[in-house]
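Coordinates in review
Chain residues, written in single-letter form:
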Amino acid sequence: MRYLVNQQNIATVVDQVSLLQRNFISCRPFLVARKDVKFAFKLARNAVDSQIAKFGECSNARNKKETCDICLEDISVRQMFSVNNYSHRYCCSCMRQHVEFKLLDGVMPRCPHDGCRTMLNQDNCAQFMTPKLNDMMSKRIKEDSVPVTEKVCCPNPKCSNLMSKNDIPKYVYKESTKEHLCGKCLKCNEHFCFKCKVPWHNGMTCEAYQAQIVSEDDARLKKLADTKLWRQCKKCNHMIELIWGCYHITCRGSYNAYAYV
């Protein structure tokens, strides 16, 4: 009879342990001797107390705020960004604007702290980077990787793709007795003239194209001068606009005077 009672007590304890295990993410039951029950209970109590304290600290941390040195606003610490774990901390919104401004200015961004030379990149800025900023930074990194003397931009206004001279497919075209180097954009596949840096002028030499451009520019300038009532100096050929005063003008180049007519 006593054996059956013990078996029932053990079964009851096992059921209770199984019910308690459901309240924990991870739990492993251990059998301890009767003399160690108080010690085991103390360890369990300490473990529960430490979890409660840890939860309280996390809750306080979520509610804690910090002042951003750029916008001077009190921001939640979860929205603060630390540059390479240094003491230079700013809110994600200000950092996002800082990075975008620098990229639009054509330079790779650094830490905004005065005197800090830490470079900002896609890895250490992942906390606040947007897809747009990632794309802008990738293009800036690509541009910086190409030496200045090797940079070539597609003259197609709808493309403007940056390329390296060494990567561009090149073709040689003959016009009369001269050879002209033609390139092909890697993005839009449009052909362009390497020398003139314009879309390919088929059937025209570079010299003829340049002369045509000059004559077209002169015609546009003359039309603008007629509209604005500008005059051309007879001595130095510079354009002159009369804003106020008399009609007598002295050329700065020759110091000769004449009438503005």
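Our subject is the structure listed above.
The sections below set out a description of the structure shown in this document.

Thresholds applied
- Residues numbered from 1 in each chain as written.
- Predicted model: local features only at pLDDT ≥ 70, side-chain atom pairs only at ≥ 80, totals over all residues.
- Heavy atoms only, no water.
- Phe/Tyr/Trp six-rings, centres within 6.5 Å; stacked < 30°, edge-to-face > 60°.
- Helix = DSSP H or I, 4+ residues; strand = E, 2+ residues; numbered from the N terminus.
- Buried < 20%, exposed > 50% of the residue type's maximum accessible area, 1.4 Å probe, protein only.
- Salt bridge = Lys/Arg side-chain N within 4 Å of Asp/Glu carboxyl O.
- Core = buried A, V, L, I, M, F, W, Y, C linked by side-chain atoms within 4.5 Å.
- Contact = heavy atoms within 4.5 Å.

Right, let's get into the packing of aromatic side chains. The description of an aromatic ring pair rests on the distance of the ring centres and on the angle between the ring planes. Inspection of the entire model under this criterion finds 1 aromatic pair. For the ring pair phenylalanine 81 and phenylalanine 128, a centre distance of 5.0 Å and an interplane angle of 85° mean the geometry is edge-to-face. Here phenylalanine 81, found in strand β3 (residues 80-82), pairs with phenylalanine 128, found in the loop between α3 (92-104) and α4 (131-145); they are 47 residues apart in sequence, far enough to count as distant. Looking at phenylalanine 81, the relative accessible area reads 3%, which means it is buried.

This part covers the pattern of salt bridges. Applying the stated criterion across every chain, the model contains 6 salt bridges. A salt bridge links arginine 140 to glutamate 143; the shortest N-O distance between them is 2.9 Å. Separated by 3 residues within a single helix, arginine 140 and glutamate 143 lie in helix α4, roughly one turn from each other. The class of arginine 140 is buried, set by a relative accessible area of 13%. Relative accessible area serves as the criterion here: at 24%, glutamate 143 is assigned to the partly exposed category. Salt bridges sharing common partners tie together Arg140, Glu143 and Asp144.

The next thing to look at is the nonpolar core. Nonpolar side chains in soluble globular proteins tend to be buried together. Of all hydrophobic cores here, the largest spans 22 residues; its most connected members are Cys68, Phe81, Val99, Leu103, Phe128 and Met129. Considering each element in turn, this core owes the most residues, 5 residues, to α3. Sequence-distant contacts of phenylalanine 81, that is, excluding residues within four places in its chain, are made with His88, Arg89, Tyr90, Cys92, Met95, Asn124, Cys125, Gln127 and Phe128. Among the nonpolar cores identified, the runner-up in size contains 8 residues, and Val152, Cys154, Ile168 and Phe192 belong to it.

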